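Below, each chain spelled out in residue letters.
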Amino acid sequence: MTSHTLHGGRRAMAGTDFGHAIGLPRALPGLPLSPLVGAYGELLAAQQTIGLSHLGELLVPPGGRLRVLDGIFAVTGPGRRRHVGAGVLRSLCQDRPEPAAARLLERLAAIQEADPAALRRILLYQLTHLLQDHPEGKLPATAAGFGVDPAEATALVRAAARRARLDGGQRVAAENLLDDVREHRIRSAARRAALLPSAGEDRPLAALLEDLAARVKAADTELAVARRAEEQGDPERACVHYEEAAALAGDCPRAVRGLVRTYRPGPGDPGPMASALVPEGVELRWPVADFGDTRWRVVRLTRGEPVDSPLAEVAGRPVGGVLVDRGAGIGEEVRHVALPLRADGAVDGPPLIAAPLAVAPVVTEAAAVDGNGWIEGAWTAPAGAARCEVTLTGPQGPVPVPPPARAGLRETLRAPGLAPGRYELAVRARYAPVGRADHGAVSAAVTVAVTVHAWPDPVLTLTARAREAGGVEFRRTGGDGAELRLVEWPGAAPAERTELTAAELPPPLNWVDPNPTRPTGNGPGGNGPVFVGHPPPGSLTTVSAVAVLGARALAGPSVLVEAPLPVTGLALRRAAPDLVEVGFDWPGTAGTVTAAVIQDGRRTDFAVARSVFLREGLRLPVTPAALSVEAHAAPRSTRSVLAPAGGDARAELPADVTIAYEVVPGARRGLRRGPAVLRVTVRAPGGAPGPDLPGFVLVARGDGSRNPPRPGGPSGGTAVCRVTGAELAAAAAGTGTGIGTGTGTVERPIDTAVAPGRPYALRGFLLGGAAASVRLEEPPLLSLVVR
């Protein structure tokens, strides 16, 4: 009787009580709790890649149905079904053009060849979870919707409802249990088994769990013997039993830690494994690059973790005797152990044990610079570092330092008050793993050597004052023992005590004598050397002092020095007794010129702007007395120290001396008049005008006309009367007809004998070099016509 006939005749019983006396000889009495296949996670990932909800979808053609209760069959029609074995799976590879599907089918064929029941376990395991996760998973139609043949749908949903429901953690345990057992990760397998419900009717799982329990018991026995030997002071015997425990349970933390404590390499054994920090993690190097085909299980022990903590395995295999552990926690102290494995995954032989290593990356980009009695260090802290610790050692030993300042991962520190000498800055990064601050690791020190050099004393004050002999003298206080440079900065002057290098200083002012002189007295601004400078005319210079010692310099104070352009072409003209006109050549681009009038012992300043001067000139109120005018360009800044311009513009103007004349008719003598008289009056304010008065001449001119023209100059007619300057000066001084108050009169008869015929016109003129400085007052014109 074929299995088809048997299945068809007992269908009702199958639907009622799945697995009892039906199906193939290896049919399961109940649905599996675990797929019990190696690398199930990889299989599941490949299945999900091509979008399958379960692997059965890959085994039937479109529109076909799947039977799984007494074997794997693809049903393609009434009475037509095909058993799916390894051969059929490989033939299906040719029907699936997708490479991922073909690879998955090839893998299923290999699983089927190794264990004919394995693929059916996987399918039943997947279908069970699909039904249990579905809200209508107890309906046969739901199973049919997943592609299950309706003839088996009812039996399958009833069996799925009876099987224990697994949560997420239990599913992970069930799917990875066999991998742990095969890799001799017995402790991990035992933890997974403890999560699962009772195996019940899943006989393969029950057998696996029974074998697992026996291996756990054997490993515990070996551990107990090893601990007693270790307590009795026999580490060599303890090591043997720890190694046996590790062979039984390769992931047993107590066995591995016991090996670390008790194993000592003997003669001929390979040396320890080397470990070192690299940017990618911890680099492990085997003592021999080639161990043949030996497989290794590399575990990482972390200081401070509980002794029963599951072992952290390092992923990957050594290449050329080198393996990088990328999972070591930052700030932890770790130790790596490499366990050689047999082909079946059991530990075989003594381990390779590395020395403890702090996974504490060092700081990077560390640098230090020195300044005037200070050191400033900077570095980049590693990501994950809790803080950085700094020590500074100088010529006299350790130096206290303040805590570093942090901006992001960049940290800086400035240590002030240091004497010149060589110092060493050492920076260590400290780590504090979360929840285990007492086990924080400290990185190796990164050291930077730096020398604190001697710096000049700062210049405290700088003063400038004009010299009577011309130029400006500069004095300073402070800066003892340093070279003083007087410079002009191209931009804004740096703040006082700014630290500079001599190479970055502008050149010294070329108009300052570099050779100072000693002061002859206690002048203002200090008693230090005196520098003399002659600033160029028209310059406005911010003179800054810099103290220089070797290659280092300190910026000092500044003074503003101005050398105005001189005023040239100064000339004076009295426009009226109380008004003087001042003329000069405007000095360059000066904005304002100050004119000072010195008269009667007083000095009065008048400021005139360039635009006003060019448009209106300069007229200043005065008195008739003698005066002088000085003119100079006004400073552009109220803070300027003025350097004498040299050749000060100064002009003198004598007192306003006037000479007035009139023609007085002669006295009558009967019917006739006597000769007309010339009366010349001198007025000199403030006293005698001095001996340098001009002479006076009266000139007559007639041409026979009724209105004769006036003489145009001393030679424009006939001289009819003369008075010398000496006579006028004597009169003003009181020796003439005056009274000695600066005013005097001289009278002379007019020589009518030489006068032209009447009518004629008279006019007086001043003669001599002083004529331009004396004002002549003339009488009314009609009084100067003789008819």
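Refer to the preceding data block for the structure.
Note that the coordinates shown come from a computational prediction; the quantities given were computed from them, not determined experimentally.

Draft legend 1. Representation of helix H9 (residues 168-182) in the model. Along its 15 residues, H9 runs 23 Å from first to last C-alpha, staying within 8% of the 21 Å computed at 1.5 Å per residue. Most pronounced at Asn 176, the bend in H9 amounts to some 45 degrees. Along H9, the residues classified as buried are Gln 170, Arg 171, Ala 173, Ala 174, Glu 175, Leu 177, Leu 178, Asp 180 and Val 181. Residues of H9 that are buried in the fold lie against helix H3 (40-49), helix H6 (118-133), helix H10 (186-195) and helix H11 (203-231). For H9, the N-terminal capping position is held by Asp 167, with its side-chain oxygen 3.2 Å away from the main-chain nitrogen of Gly 169. Downstream of H9 by one or two residues, His 184 has phi in the positive range, about 60 degrees.

Draft legend 2. Structural detail: the environment of Glu 57. Looking at where Glu 57 falls in the secondary structure, it is placed in the loop between H3 and strand S1 (65-67). Accessibility expressed as a relative area gives 32% for Glu 57, which makes it partly exposed. As a C-alpha pair, Glu 57 and Gly 147 span 90 residues in sequence and 7.3 Å in three-dimensional space. Once you skip the residues sitting within four places of it in the chain, Glu 57 turns out to touch Gly 51 and Leu 52.

Draft legend 3. Structural view of the sheet that holds strand S8 (residues 322-325). Overall, antiparallel pairing links the three strands, which are arranged S4-S5-S8 in an open sheet. Edge positions in the open sheet fall to strand S4 (274-278) and S8, since each of these has one partner strand only. On average, adjacent strands in this sheet sit at an angle of 25 degrees to one another, irrespective of strand direction. Where strand S5 (residues 281-285) lies against S8, four bridges are found, and the strand directions are antiparallel. What sits directly across from Leu 284, in S8, is Leu 323.

Draft legend 4. Representation of the sheet that holds strand S2 (residues 73-77). Taken together, the three strands give an open sheet; going across it, the order is S1-S2-S3, and neighbouring strands pair in antiparallel fashion. Each edge of the sheet is formed by a strand with only one pairing partner; in this case those strands are S1 and strand S3 (80-83). Pairwise comparison of adjacent strand axes, ignoring direction, gives a mean angle of 30 degrees for this sheet. Across three bridges, S1 lies against S2 in antiparallel orientation. In the strand pairing of S2, Leu 66 is matched with Ala 74.

Draft legend 5. Region of interest: unusual backbone geometry. With an omega of -5 degrees, the peptide bond running from Arg 758 to Pro 759 counts as cis. By the secondary structure assignment, Pro 759 is in the loop between strand S41 (743-749) and strand S42 (760-767). Despite not being glycine, Ala 39 has its phi angle at roughly 55 degrees, a positive value. Within the secondary structure, Ala 39 sits in the loop between helix H2 (11-16) and H3.

Draft legend 6. Highlighting the layout of surface pockets. Estimated volume of the largest pocket: approximately 330 Å³. Residue lining of the largest pocket: 17 residues in total, with Pro 665, Gly 666, Ala 676, Arg 758 and Val 786 positioned closest to the centre. For the lining of the largest pocket, the elements supplying multiple residues, two or more each, are strand S35 (657-664), S42 and strand S44 (785-786).

What counts, and where the lines are drawn
- Residues numbered from 1 in each chain as written.
- Predicted model: local features only at pLDDT ≥ 70, side-chain atom pairs only at ≥ 80, totals over all residues.
- Heavy atoms only, no water.
- Helix = DSSP H or I, 4+ residues; strand = E, 2+ residues; numbered from the N terminus.
- Expected span 1.5 Å × (residues − 1).
- Bend = angle between axes of the 7 residues up to and from the residue.
- Buried < 20%, exposed > 50% of the residue type's maximum accessible area, 1.4 Å probe, protein only.
- Contact = heavy atoms within 4.5 Å.
- Polar contact = N/O pair within 3.5 Å; in protein donor to acceptor, adjacent residues only side chain to side chain.
- Pairing = 2+ DSSP bridges.
- Axes fitted to C-alpha atoms, helices over the stretch in contact; angles between N-to-C directions.
- 1 Å grid on protein atoms, 1.4 Å probe; cavity = no way out; pocket = protein on both sides within 12 Å on 5 of 7 lines; lining within 4 Å.
- Points joined across faces, edges and corners; volume = space filled by probe spheres on them.

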